[in-house]
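An overview of the molecular structure
The chain contents come next:
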Amino acid sequence: MMVTSRKVLRVPGERVLRTPPLSVPPPGAGVDESLMHGSVALFVDQVRAQGQPFALGAHNVAQVTALCRRLDGIPLALQLAAGRLAMFGIDQLCERLSDRYRLLTRGTQAGPRRHQSLRACMDASLALLDDVEQLVLRRLEPFEGGFTLEMATAALSDRQLDAWTVAEALEGLVDHSLVQVDAEDRPRYRLFDGIRAYGLLLLEETGEVDIARRQHARAMSQLFDRAERALQMMPDARWIAEFSPELGNVRAALDWCLEHEPVRGLGLLAHSRSLFELLSLASETAWRHAAYEAELPKELPPAVLARYCIDHAGLLAPHDPKRAAIWYRRGVTVSRTADDPALRYLALCRQVVEDQELSQAAMRYAMGELVALAGRCEGAHAARLKLWGLAARAHVWRVEGQAAEADEAICASLQLAQEIGASRWVLDDLQRLMSLQVGHGEPLRSAALVRQWEDGASRASGINTANGAFLQRVLGCLAAVLLAEGRVEEARHVLTGIVSPKTPRGAVREAYRDGRTEGANLGPGHGPGQAEHASELHGDSQSEAFDRLLPVFAWLAFEEGRDQDAARLTGYAGQAYSPIRADPLPPWGRLIQRMRTRLDGFSMARLQEEGNRWDEPRAMLAALARTAGVATSCGD
């Protein structure tokens, strides 16, 4: 016997077959691909059934697929939307979906009442729920992107609902197909967008919007307080896999807290900083911090205020170092009033490493504090804090011209980061190492480590050595090492292999290892006199790689006798790439001194000013040219 029902019957011998929504095309799908999905095919069919001369084409496929996606592929919603197309048109129909329960009406008059509008359908489903299930359904509305049972329990448990009651109500909602569940080792639940919109209507009607939002924000704050501690003991990749699904929930909580509970919002912003950083969402972090800058809550706990000041300063440093310095000083000062040695240690480390306005005397004083705090902070479960300590030591030694000591500290940091799986920190350390090598100009002991990593010896670690960003940084360090050793032609081939998308990176690596870079087949445009392949350098990854490698490219130009191109590249770098602008000690200080032995001060200033006006294609052309002045002549 086959029985259709709106919920699981739970009778002996029952075998449940859940009917999924109609399939929805992925973003960017073409016309033919979209019509192969049930939701688009049904929508087009229902529009034509209304007598409308509708055709799916390149001009409207994006809007139609977006509409089907927002309606979750639900057949009734698609049928009702098709019936309103003649009135509103596809663009207005998509815009009005934010008020879908007023929009999607005028259904069939011949069938059940629940088919006459989307609201009537949902009301009929709600009537099948008991009071607790109805409460849980509407209180789940703030969750965006899904949730776990633990998160639902944390958000909904109160004097009325204990954890078991929430779990049983959630199971009931799954039985009614109002909540979807991804059955894995750790199940994750989610509401369709249409059901979330219905939940918001119910919250507004019962006056519970702020209650639900507050409980959700509290749950997210508790979760990321634990997540921040977990990061001390988890590799980046595992941590991201566990917590990145909560990005939508974090954003929703931060949005609500900004207006209603700024103290909680600032705490969540601090605890979730690593999530945004590891997902490369620094620009979003910056505007969320800026929203609080004008008026910080007066009742902020010292620990939360100190974290905000330091994090905000770090975001300001690349483009506004003077204002960043003010926030660093405030953050360090406040951290001394908080009963948290680890926080004070972190604030001092970040000020030393990132504050461009910090004097050497202040730097040494801060290092004295760090030494005194180290014994209390660099414990077994504070490896990431120890990384900041090593970075601070390396930076001070670099500023004071002690390259060997700085090199040793960076190598220790790299090895520790590798051991704990701190992938993002490894990338930053490789950038520091490359800058140190360029600034020093002579071979350092880290050359052996760079060659070991380039050779793939670290694959057994938690670092993904196949990652493109990792390989780019390692090869950038390798090019700097080769220049320090006087192996200019080999350095050129490594650099061109990094930034040219048409060059197989494996060919570059093998050519270097076999000592046959002269005449090696490294792809088009790499022979003598070939500078025109700079036009091939397109795409964000190549562009970012080029910007990060600017100090090495300037060094290469100088070693090849292209002094004017080298000077212009130092000028271009000052305006092109924020990490270079944010460096209080530009990595080519010694290189510029060597340039001045060949160029007088007036010529040097003039050439740097010319480079400062360059765009990226011209800078790339100059960096990879074999002949001096190619970029200048092309620009003219």
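Above: the structure in question.
Residues numbered from 1 in each chain as written. Predicted model: local features only at pLDDT ≥ 70, side-chain atom pairs only at ≥ 80, totals over all residues. Heavy atoms only, no water.

**Focus on the overall build of the protein chain**
Selection criterion: Helix numbering and strand numbering both begin at the N terminus, where a helix is a DSSP run of H or I of at least 4 residues and a strand a DSSP run of E of at least 2. Each residue gets one of three labels from its accessible area relative to the maximum for its type: buried under 20%, exposed over 50%, partly exposed in between, using a 1.4 Å probe on protein chains only. Whether two residues touch is decided by their heavy atoms; if any such pair falls within 4.5 Å, the residues are in contact.
Of the regular secondary structure elements, the protein chain holds 36 helices and 2 strands. Looking at the protein chain as a whole, 52% of its 636 residues are labelled buried. Taking all contacts inside the protein chain whose residues are at least 6 apart in sequence as the whole, residues at least 24 apart take part in 68%.

**Focus: the environment of leucine 85**
Mapped onto the elements of the fold, leucine 85 is located in helix 5 (residues 85-95). Beyond its immediate chain neighbours, meaning those up to four positions away, leucine 85 contacts Phe43, Val47, Phe54, Ile90 and Leu93.

**Considering a nonpolar patch on the surface**
Applicable threshold: Within this analysis, patches are made of residues with over 30% relative accessible area and no salt bridge. Like charges are joined at 9 Å or less; nonpolar side chains (Val, Leu, Ile, Met, Phe, Trp, Tyr) at 5 Å or less. Surface exposure here means Shrake-Rupley accessible area, sampled with a 1.4 Å probe, where a residue is shielded only by the protein chains that are shown. By definition, a salt bridge exists where a carboxyl oxygen of Asp or Glu is found within 4 Å of a side-chain nitrogen of Lys or Arg.
A cluster of nonpolar side chains, Met1, Val3, Leu9 and Val11, forms an exposed patch at the surface whose accessible area comes to about 470 Å². By the secondary structure assignment, valine 3 is in the segment before helix 1 (31-35).

**Considerations on unusual backbone geometry**
Among all residues except glycine, the phi angle is most often negative; among peptide bonds, the trans geometry is most common. A positive phi angle is found at serine 177, which is not glycine, with a value near 60°. As for its placement among the helices and strands, serine 177 is situated in the loop between helix 10 (163-175) and strand 1 (180-182). For serine 177, a relative accessible area of 38% puts it in the partly exposed group. Located in the positive-phi region is serine 280, a residue other than glycine, with phi close to 60°.

**Description of the nonpolar core**
For clarity, the threshold we go by: What we call a nonpolar core is a set of buried Ala, Val, Leu, Ile, Met, Phe, Trp, Tyr and Cys residues that are connected through their side-chain atoms within 4.5 Å.
With 189 residues, the main nonpolar core has Phe43, Leu67, Leu140, Phe147, Phe224, Trp239 and Phe553 as its most contacted residues. Sort the elements by how many residues they give to this core and helix 26 (residues 468-484) lands first, with 11 residues.

**Topic: the packing of aromatic side chains**
A ring pair, where both rings are aromatic, is described by two values, the distance of the centres and the angle of the planes. Put simply, the rule reads: Two aromatic rings from Phe, Tyr or Trp, using only the six-membered ring of Trp, form a pair when their centres are within 6.5 Å; if the ring planes differ by under 30 degrees the pair is stacked, by over 60 it is edge-to-face, and anything between is tilted.
Tallied over the full model, the rule gives 9 aromatic pairs. Ring centres 5.1 Å apart and planes at 40° place the aromatic pair tryptophan 239 and phenylalanine 243 in the tilted group. With tryptophan 239 and phenylalanine 243 both in helix 13 (residues 236-243) and 4 residues apart, the pair spans about one turn of that helix. Judged by relative accessible area, phenylalanine 243 falls into the buried class, the value being 7%. Between tryptophan 388 and tryptophan 425, the aromatic rings sit 5.0 Å apart at their centres with planes inclined by 75°, giving edge-to-face as the arrangement. Here tryptophan 388 is found in helix 22 (residues 383-399), whereas its partner tryptophan 425 is found in helix 24 (residues 423-440), with 37 residues between them in sequence.

**Things to note about helix 30 (residues 550-559)**
Counting buried positions along helix 30 yields 9 of 10 residues, so the element is predominantly enclosed. Residues of helix 30 that are buried include every one of Leu550, Pro551, Val552, Phe553, Ala554, Trp555, Leu556, Ala557 and Phe558, and no others. The positive-phi residue at the C-terminal boundary of helix 30 is glycine 561, with phi of around 85°.

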